[in-house]
Amino acid sequence: MMGPRQVAQASLFYEFSIEDHVPADHLLRKIDRYLDLSEIRSFLAPYYSHQGRPSVDPELMIRMLLLGYAMGIRSERRICEEVHLNLAYRWFCRLDLTDPIPDHSTFSKNRHGRFRDCDLFRHLFETVLARCIAEGLVGGEEFGIDASIIPADAKRLNKVEAKDWTPERITRATDEYFETLDVAAFGAATTVKPKVLSPVDPAARFTGAKKAYSIFAYSTNYLVDLENAIILDVEATAPIRQAEVNAALDMVDMVEGLYGLYPEKFVGDGAYGNAETLGWLVHEKGIEPHVPVLDKTWRQDGTFSRADFTFDAEEDRYLCPGGIELLPHRRQFQTIRPRVTDDETVRYRAAKSDCDGCALKAQCCPNTPARKITRSIHEGARDLARDIAKTDAFVASRHARRKVEMLFAHLKKIVGLTRLRLRGPNGAKDEFTLAATAQNLRKMAKLLPAPA
Ligand code: SF4
């Protein structure tokens, strides 16, 4: 039997509860369980005037922003539309059926204003992370590190020669570019000056690291606890290896200082395998480096590489394949020369008299009078990393490191962070921090059982 025709009829009174219409197992219900915004108002209070028109509730704006990142809605205009239409979204934002939705322009004003002034997003990230730790999701023994390049909101074809560039007009992004010129994560990341700049976001670096063609981009850096892939820290940097490595070390220090987390293992790819980083991990922090060693001492021309020489720590010398010793000091100079060079290496030399009559000279140093070996002052740490790389524990940590890569895949596929919407280093920092907060919230929602 055909049912009666549905005709829209406006009723005078409704009995309707959004609470009843949001399923018990909805993702937003699970996220809401672990989202504590009780301190937001007192945290922001000094940044609001005591006079004038009341503002939009800051907690509502934070809920809407987090909702956008958790559900992969990147546009603030679209978040407003979706919250207007979707009952679950309204419930998460504590809005009733008839409550008005803030205008999308409110977000921009607050994001670039008081939210940034008080570093609200960082506070939010730390609050959520503290909850992850309190819920026992952070093991604290094995930290993974990686960086991922995210395209900036700057067209790659719209670029200017850096030497010709002067700002046509002062924008927030150009201001931030000048402010971060001496900051290690951005302008001072490398001594190599960029050849081209984006007029709209000059702090973004033109990089060809990930694509077939070069793009303007920033890097998001994650320090991750590998037990449950909880993000312990997130930093925005230029997409330059040195900036990413420095950020990694800062993050290890920061997590130790804030939460007392001190890992046994640091797991990263070859980008973190330079001598200084390994030396810092082993000698200063006492952390096992599960990192492939960046080794440029292998020779491709068939002559002996440094690995063919044996180091004798007791006698402070190398022994060559012919059994001859290479020493750090061969001659007595009138002016005493430092043992360690400016690039933090010690040079060991064979005696010319030994090499002259050596049958292996053609295989060893055909173009120089005697063989010389350079040894980093961090070589002990590099040797430890090489030894670790031969163990089963290293294979297991390589496997566990994929959790960090999965987080970046999730960041792009689910959170939808395939391109930044905000410009400048602070825009990148805000977006990366909010995205990492949403990822930790989703992780808690997934891992922790619902209360009975
Ligand atoms: S050339 Fe000199 S350093 Fe090389 S194997 Fe012969 S003696 Fe040793």
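From a predicted model like this one, the values you see are computed outputs, not experimental measurements.

Conventions adopted
- Residues numbered from 1 in each chain as written.
- Predicted model: local features only at pLDDT ≥ 70, side-chain atom pairs only at ≥ 80, totals over all residues.
- Helix = DSSP H or I, 4+ residues; strand = E, 2+ residues; numbered from the N terminus.
- Rg over C-alpha atoms; globule rule 2.2 N^0.38 Å.
- Buried ≥ 20, exposed ≤ 12 C-beta atoms within 10 Å, placed from the backbone.
- Contact = placed C-beta atoms within 7 Å.
- Expected span 1.5 Å × (residues − 1).
- Near = placed C-beta within 6 Å.
- Axes fitted to C-alpha atoms, helices over the stretch in contact; angles between N-to-C directions.
- Parallel < 35°, antiparallel > 145°, perpendicular 65-115°, else oblique.
- Left-handed = near helix turned anticlockwise from the far one by under 90°.
- Nonpolar A, V, L, I, M, F, W, Y, C, P; charged D, E, K, R; others polar.
- Pairing = 2+ DSSP bridges.
- Domains from an automatic or database assignment.

Some points on the overall build of the protein chain
Item 1. Within the protein chain, the secondary structure is distributed over 18 helices and 13 strands.
Item 2. Taken over the C-alpha trace, the protein chain has a radius of gyration of 28 Å; the compact-globule value for 452 residues is 22 Å, which it surpasses by more than 25%.
Item 3. In terms of overall dimensions, the protein chain has C-alpha extents of about 105 × 60 × 50 Å along its principal axes.
Item 4. Put simply, the protein chain has 452 residues, and 37% of those count as buried.
Item 5. Considering only residue pairs separated by 6 or more positions, the protein chain has 69% of its internal contacts joining residues 24 or more positions apart.

Concerning helix α18 (residues 424-447)
Item 1. An ideal rise of 1.5 Å per residue puts 34 Å on 24 residues; α18 measures up with 35 Å between its terminal C-alpha atoms.
Item 2. Of all 24 residues making up α18, 22 are buried, and the element is well covered by its neighbours.

Description of the site of the ligand
Item 1. Around the ligand lies a shell of 13 residues, among which C320, C355, C358, C364 and R371 are the nearest.
Item 2. Secondary-structure elements contributing two or more residues to the shell around the ligand are α13 (352-356) and α14 (361-364).

Structural notes on the environment of P425
Item 1. Position of P425 among the secondary structure elements: in helix α18.
Item 2. C-alpha of P425 to C-alpha of L95: the two residues are 330 residues apart in sequence and 33 Å apart in space.
Item 3. For P425, the residues in contact, after removing those within four places along its chain, are E176, T180, F186, A203 and A236.

Remarks on the packing of helix α9 (residues 120-134) against α18
Item 1. Where α9 contacts α18, the two axes come as close as 9 Å, and the packing angle between them is 20°. Regarding the angle of α9 to α18, the classification is roughly parallel. The crossing of α9 and α18 is left-handed. When α9 is examined against α18, the residues F121, R122, L124, F125, V128, L129, R131 and C132 are found in contact with a partner set consisting of D430, T433, L434, A436, T437, N440, L441 and M444.
Item 2. Taken together, the residues of the contact of α9 with α18 sort by class into 10 nonpolar, 3 polar and 3 charged.

Concerning unusual backbone geometry
Item 1. At A229, a position not held by glycine, the phi torsion is positive, near 55°.
Item 2. Considering the arrangement of structural elements, one finds A229 in the loop between β5 (215-225) and β6 (230-237).
Item 3. Residues other than glycine seldom take positive phi values, yet D316 does so here, at roughly 50°.
Item 4. With respect to the helices and strands, the residue D316 is situated in the loop between β9 (310-312) and β10 (317-319).

Considering the pairing of β5
If a strand is regular, its side chains alternate between the two faces of the sheet.
Item 1. Of all 11 residues making up β5, 11 are buried, and the element is well covered by its neighbours.
Item 2. Alignment of strand β4 (residues 205-207) against β5, held across 3 bridges, turns out to be antiparallel. When the sheet's bridge partners are listed, F206 is paired in β5 with F216.
Item 3. The hairpin formed by β5 and β6 contains 4 residues between the paired strands, and A229 there has a positive phi angle of roughly 55°.

Looking at the domain arrangement of the protein chain
Item 1. In terms of domain boundaries, the protein chain breaks down into domain 1 (18-118), domain 2 (126-268 + 401-447) and domain 3 (306-375).
Item 2. Here the C-alpha centre of domain 3 lies 43 Å away from the C-alpha centre of domain 2.

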